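Chains, contacts and geometry: an overview
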Number of protein chains: 2
Amino acid sequence: SKEAFGLALIDGYGEFFARKLDRHLRNPALSPLQRLHAFVQDAQSGMARFAYRRGCLIGNLGQEMAALPESFRTRLIATFEDWQRRVAECLVEAQASGQLAMDVDTQRVAAFFWIGWEGAVLHAKLEQGPAPLETFAALFFAGLPVSCGRAWAWPAIRSHEFIAVITSEVPPTRPSCSRKRRRVVGAPVLAEVGFFVRIQKLLRGMRWSGVMP
Amino acid sequence: SKEAFGLALIDGYGEFFARKLDRHLRNPALSPLQRLHAFVQDAQSGMARFAYRRGCLIGNLGQEMAALPESFRTRLIATFEDWQRRVAECLVEAQASGQLAMDVDTQRVAAFFWIGWEGAVLHAKLEQGPAPLETFAALFFAGLPVSCGRAWAWPAIRSHEFIAVITSEVPPTRPSCSRKRRRVVGAPVLAEVGFFVRIQKLLRGMRWSGVMP
């Protein structure tokens, strides 16, 4: 039947695309976030090749759901969830390698990625140009919270700044970030790390407080 | 003709929606970012009212461009640009009121908002639930860079932390953030502000460095 053919088509395209994703997201030559970036670049040149006239089959079918059999809905959702899981795995690796803050909900950020990416593909088709893909990718990556581990590794902090905390209580250091350093750094530097971690927490807190009534 | 009717429909809906947007984005009772948040809430309950079956006319037509007259394309793009300008104006007000960092490209962030919002509306229709709208809105707001002005105003910094910079050179303070404070605060606090601004700059820089090869 037509319905069975449609479902087979979704499965086939879903798997084809999952392999394409994995080719980038499991590329050992790149850091985890660079892998996601490489997928974005590849998808972008894919759209450019067809003059921004073709989008994604799963996205297109999702937009047509009003006119399609209900059985398509669960299959399309499952396909998106599969892609989301693959991106979330890449984000977990980004956490492990110190590119992404440990307290990020990777599944949620991966969902955010695909939500925005679908919008970007649609806008690129409408405008017939790459700007929406570039804008979405750039601000998606810019908004990701960095890891305090990575922040610490940044040379500018280590070499140029040297801070002493002159309050009576030294700010508490977060174990996940400072346990490994404790052996190699002295007390003032440790205090600096603690302060830095605290600043990051404050920054994150303020982002939320700014939008909540 | 049908084409003229379609164009009139786009204009009519575009204006109707622009008024709806303005009702939230110019609401003097809320802070600028709260206004954008209120629009999101309103749109969300609008979708809930129709059980997540209806989307946005402009978005729907944009998705159908392959089957529509070319004259629709420029009109649809112009409508999106109009909405983008309205959100960008709200973001400029957020900068002025200290909710958003001054170096944010408001037009670009506004474009990012509509790109992601269209994807969120589509996913909500597919899933027939509010989760994609909530996920997109939450992570959009969480990713916005906060203003250093606002950071400074946050009581936790002012009362609990008191830092002295013991390097020979005091970190340069960014004029836009510190000019107003210079009169009311002493030298050590000023150094703290400078350090804080610098940390924010580093954080922003690192976000980018993490994803660029």
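As the structure is a prediction and not an experimental result, all values here were calculated from the model. Throughout this description, residue numbers start from 1 for each chain and increase along the sequence as written. As a convention, the first chain written is A and the first ligand written is 1, with the rest following in written order. Local features in this predicted model are restricted to residues whose pLDDT is 70 or higher, and side-chain atom pairs enter the listing and the counts only when it is 80 or higher, whereas totals over whole chains, interfaces and linings include all residues. Note that the side-chain values use all heavy atoms of the structure and ignore hydrogens as well as water.

1. Notes on the overall build of chain A
A count of helical and extended segments in chain A gives ten helices and one strand. Of the regular secondary structure in chain A, the N- to C-terminal order runs α-α-α-α-α-α-α-α-β-α-α. The rule is simple: take the accessible area with a 1.4 Å probe, protein chains only, and divide by the maximum for that residue type; under 20% is buried, over 50% is exposed, in between is partly exposed. Counting across all 213 residues of chain A, residues that qualify as buried make up 56%. In this description, contact between two residues means that some pair of their heavy atoms is separated by no more than 4.5 Å. Contacts in chain A between residues far apart in sequence, at least 24 positions, make up 68% of those at least 6 positions apart. In this description a helix means any DSSP run of H or I spanning at least four residues, a strand means any run of E spanning at least two, and both kinds are numbered starting from the N terminus.

2. Section: the environment of A:Trp114
Its place among the elements puts A:Trp114 in helix α5 (residues 106–127). According to the relative accessible area criterion, A:Trp114 is buried, its value standing at 4%. It is 9.5 Å that separates the C-alpha atoms of A:Trp114 and A:Glu81, two residues lying 33 residues apart in sequence. Residues within four places of A:Trp114 in sequence aside, it is in contact with A:Phe17, A:Leu21, A:Phe39, A:Trp83, A:Gln84, A:Val87 and B:His123.

3. A closer look at α5(A)
All names here are of chain A. One less than the residue count of a helix, multiplied by 1.5 Å, gives the span that helix is expected to have. Under the 1.5 Å per step criterion, the end-to-end length of α5 is 31 Å for 22 residues, consistent within 8% with the ideal 32 Å. Counted residue by residue, α5 has 19 buried out of 22 residues, so it is predominantly covered. After α5 finishes, the residue Gln-128 shows a positive phi value of roughly 50 degrees.

4. Overview of helix α4 (residues 71–96) of chain B
The end-to-end C-alpha separation of α4(B) is 38 Å, in line with the 38 Å expected for 26 residues at 1.5 Å each. Immediately downstream of α4(B), the backbone of B:Gly98 shows phi near 85 degrees, a positive value.

5. Here we look at the packing of aromatic side chains
Think of a pair of aromatic rings as described by two things: how far the centres are apart, and how the planes are tilted against each other in angle. Residue and element names in this part refer to chain A. Side-chain rings of Phe, Tyr and Trp (the six-membered ring for Trp) are treated as a pair once their centres are within 6.5 Å; stacked means planes under 30 degrees apart, edge-to-face means over 60, and tilted covers the remaining angles. Using the criterion set out here, one finds 39 aromatic pairs over all chains in the structure. Centre to centre, the rings of Tyr-13 and Phe-17 are 6.0 Å apart; their planes meet at 15 degrees, and the pair counts as stacked. Note that Tyr-13 and Phe-17 are positioned in helix α1 (residues 2–25) at a spacing of four residues, about one turn of the helix. Residue classification places Phe-17 among the buried residues on the basis of a relative accessible area of 9%. Taking the ring centre of Phe-50 as reference, the NZ or CZ of Arg-54 above it sits at 3.9 Å. Here, a charge over a ring means that NZ of Lys or CZ of Arg falls within 6 Å of the ring centre while also lying within 35 degrees of the ring normal.

6. Notes on the pattern of salt bridges
When a carboxyl oxygen of Asp or Glu is within 4 Å of a side-chain nitrogen of Lys or Arg, the pair counts as a salt bridge. Tallied over the entire structure, the rule returns 20 salt bridges over all chains. Of the charged contacts in the structure, one is a salt bridge between A:Arg75 and A:Asp11, with a shortest N-O distance of 2.6 Å. Here the residue A:Arg75 occupies a position in helix α4 (residues 71–96), and A:Asp11 occupies one in helix α1, the gap between them amounting to 64 residues. Overall, the relative accessible area of 30% leaves A:Asp11 in the partly exposed class. B:Asp22 is the salt-bridge partner of B:Arg26, the closest N and O atoms lying 3.7 Å from each other. Because the salt bridges share partners, they merge into one network encompassing A:Asp22, A:Arg26, A:Asp82, A:Arg85, A:Arg86 and A:Glu89.

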